[in-house]
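Listed below, chain by chain, are the residues.
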Amino acid sequence: MPPAQAPDTGMWTLEKARAVHDAPFNNLLFLAQTVHRENFDPNKVQLSRLLSIKTGGCPEDCGYCSQSAHHESGLKASKLMEVKRVIAEATKARDAGATRYCMGAAWRNPKARDMDAVVAMVEGVKALGMETCMTLGMLDLEQTAQLKQAGLDYYNHNIDTSERYYSEIISTRSFADRLDTLEQVRQSGIKVCCGGIVGMGEEPVDRIDMLVTLANLPEHPQSVPINMLIPIAGTPLAEAKPIEPIEFVRVIALARIMMPKSNVRLSAGRTAMTDEMQALCFFAGANSIFVGDTLLTADNPGEDKDLLLFRRLGIEPMERKTQ
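Read on for an overview of the structure. None of these values were measured; they are calculated from a predicted model.

## Re helix α9 (residues 245-258)
Turn by turn, an α-helix covers 3.6 residues, leaving residues three or four places apart pointing in a common direction.
Here is step 1 of the chain: Between its terminal C-alpha atoms α9 stretches 20 Å, which fits the 20 Å expected from 14 residues at 1.5 Å a residue.
Here is step 2 of the chain: With 11 of 14 residues buried, α9 is to be regarded as a mostly interior element.
Here is step 3 of the chain: Among the residues making up α9, those that are buried are Phe248, Val249, Arg250, Val251, Ile252, Ala253, Leu254, Ala255, Arg256, Ile257 and Met258.

Laid out in structure tokens, this is it:
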């Protein structure tokens, strides 16, 4: 049987994407690795660090999230972190090898009173020579302009899942709301970081359709984080059935094939992955990870464990870009 082949058209249909996704596994991985090598060094992985600058009390009802005020996860809400503390944490991350610093706040959207501090965080992290990323919920035009002026490199705003399955997970914000925010960010000149979560009870077709949505945006997201659900007690998805490892690797491979020049980030859920599963993900085209012991409020493998795996695989961290 011939290897899977990507369509020669710029637009993806669900049918074309499903044909690639459902190809024999070895053919799929061969194509994904071929595409990866055409665009990236296959033995370099970009390291990002994620910090929760404002935790808990979010008015959204995302079924996977411990920070939602709608769920009894036991997480207490906190105030916005002080700028000096954020810069100190970013400095530690830089010194440990991270080249991108991502800051997340549990908001539906930032308030005007918070923007001065948020802008100062972006400027301070930029001054350290790191790429900056923020995830703050929905933005208005003025806030987007403020972040652009501050020098924000990336804005993260995930679509989470397919449009069909979206309402099963979230009711307080529409799929269209998310797309509107993404377009506003893109038009401002800030790079887009957008992906989703798998293992939330969706069908395989929903995972494929999520990637079709991303690949058919006016411009591919420069970063595509793929999260494997971490079931958290007190949330509606606490008992969700885990996605099979091979199925997760298929999602990574399809993301690499459909968005060849994007950084595909292996994000939440790595604590539940074996080294062998992570190695398959890197072979399938994942070339970015979060490092550190936590991702917002969830556990994450520590740097020592990641660097040990990197040594076993002959992978090196991507160098920090000069400013």
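Right, picking up where we left off after that structure.
## What about the pattern of salt bridges?
Pairing between side chains of opposite charge can happen when the charged atoms of each approach one another.
Here is step 1 of the chain: For the structure shown, the criterion picks out 13 salt bridges.
Here is step 2 of the chain: Glu89 is the partner of Lys92 in a salt bridge, and the nearest nitrogen-oxygen pair spans 3.5 Å. Here the residue Lys92 and the residue Glu89 both occupy positions in helix α3 (residues 83-95), the gap between them amounting to 3 residues, near one helical turn.
Here is step 3 of the chain: The shortest N-O distance in the salt bridge between Glu131 and Arg100 comes to 3.0 Å. One end of the pair, Glu131, is in strand β3 (residues 131-135); the other, Arg100, is in strand β2 (residues 100-105), and 31 residues separate them in sequence. The exposure classification of Glu131 matches that of Arg100, with both residues buried.
Here is step 4 of the chain: What emerges from the salt-bridge pattern is a single network uniting Asp275, Lys305 and Arg312.

## Focus on empty space enclosed by the protein
Here is step 1 of the chain: In total, this model carries 3 cavities of 30 Å³ or more according to the counting rule given.
Here is step 2 of the chain: Taken as a whole, the second largest cavity spans an internal volume of roughly 50 Å³.
Here is step 3 of the chain: In terms of lining, the second largest cavity is formed by Leu182, Glu183, Arg186, Val192, Leu217, Pro218 and Glu219.
Here is step 4 of the chain: Element by element, the count of residues in the lining of the second largest cavity is highest for helix α7 (residues 175-188), at 3 residues.
Here is step 5 of the chain: Here the residues of the lining of the second largest cavity are counted per class, giving 4 nonpolar, no polar and 3 charged.

## Details of the side chain of Arg250
Here is step 1 of the chain: Mapping Arg250 onto the fold places it in helix α9.
Here is step 2 of the chain: Of the residues examined, Arg250 reaches a relative accessible area of 12% and is grouped as buried.
Here is step 3 of the chain: Not counting chain neighbours up to four residues away, the residues in contact with Arg250 comprise His21, Asp22, Ala23, Pro24, Phe25 and Leu28.

## Describing the nonpolar core
For soluble globular proteins, nonpolar side chains are generally found buried alongside one another.
Here is step 1 of the chain: Counting 91 residues, the largest nonpolar core has Ile53, Met134, Leu136, Leu147, Leu211 and Phe248 as the members making the most contacts within it.
Here is step 2 of the chain: Of all the elements, α9 adds the most residues to this core, at 9 residues.
Here is step 3 of the chain: Apart from residues no more than four positions distant in its own chain, Met134 is found in contact with Ile53, Met103, Val118, Met121, Val122, Leu152, Tyr154, Tyr155 and Asn156.
Here is step 4 of the chain: Residues Cys102, Cys133, Tyr154 and Cys193 belong to the second largest nonpolar core, which totals 6 residues.

## A few points about the pairing of strand β7 (residues 223-228)
Here is step 1 of the chain: Burial of β7 is extensive: 6 of the 6 residues sit out of reach of the surface.
Here is step 2 of the chain: Of the two faces of β7, the one lined by Ser223, Pro225 and Asn227 and the one lined by Val224, Ile226 and Met228 are each fully buried.
Here is step 3 of the chain: Between the parallel elements strand β6 (residues 196-198) and β7, the chain passes through helix α8 (residues 204-215) in a crossover that is right-handed.
Here is step 4 of the chain: Pairing of β7 with strand β8 (residues 263-266), which is carried by 4 bridges, proceeds in the parallel orientation. Following the sheet pairing, Ser223 is matched in β8 by Asn263.
Here is step 5 of the chain: The handedness of the β7 to β8 crossover, carried by α9, is right-handed.

## Comments concerning the state of the cysteines
Here is step 1 of the chain: Taken as a whole and assessed by the stated rule, the structure comprises 0 disulfides.
Here is step 2 of the chain: For Cys65, which is in no disulfide, the shortest distance to another cysteine sulfur is to Cys62 and amounts to 6.1 Å.

Here is what the cut-offs are and how they apply
- Residues numbered from 1 in each chain as written.
- Predicted model: local features only at pLDDT ≥ 70, side-chain atom pairs only at ≥ 80, totals over all residues.
- Heavy atoms only, no water.
- Helix = DSSP H or I, 4+ residues; strand = E, 2+ residues; numbered from the N terminus.
- Expected span 1.5 Å × (residues − 1).
- Buried < 20%, exposed > 50% of the residue type's maximum accessible area, 1.4 Å probe, protein only.
- Salt bridge = Lys/Arg side-chain N within 4 Å of Asp/Glu carboxyl O.
- 1 Å grid on protein atoms, 1.4 Å probe; cavity = no way out; pocket = protein on both sides within 12 Å on 5 of 7 lines; lining within 4 Å.
- Points joined across faces, edges and corners; volume = space filled by probe spheres on them.
- Nonpolar A, V, L, I, M, F, W, Y, C, P; charged D, E, K, R; others polar.
- Contact = heavy atoms within 4.5 Å.
- Core = buried A, V, L, I, M, F, W, Y, C linked by side-chain atoms within 4.5 Å.
- Right-handed = clockwise from strand over helix to strand, strands pointing away.
- Pairing = 2+ DSSP bridges.
- Disulfide = S-S within 2.5 Å.

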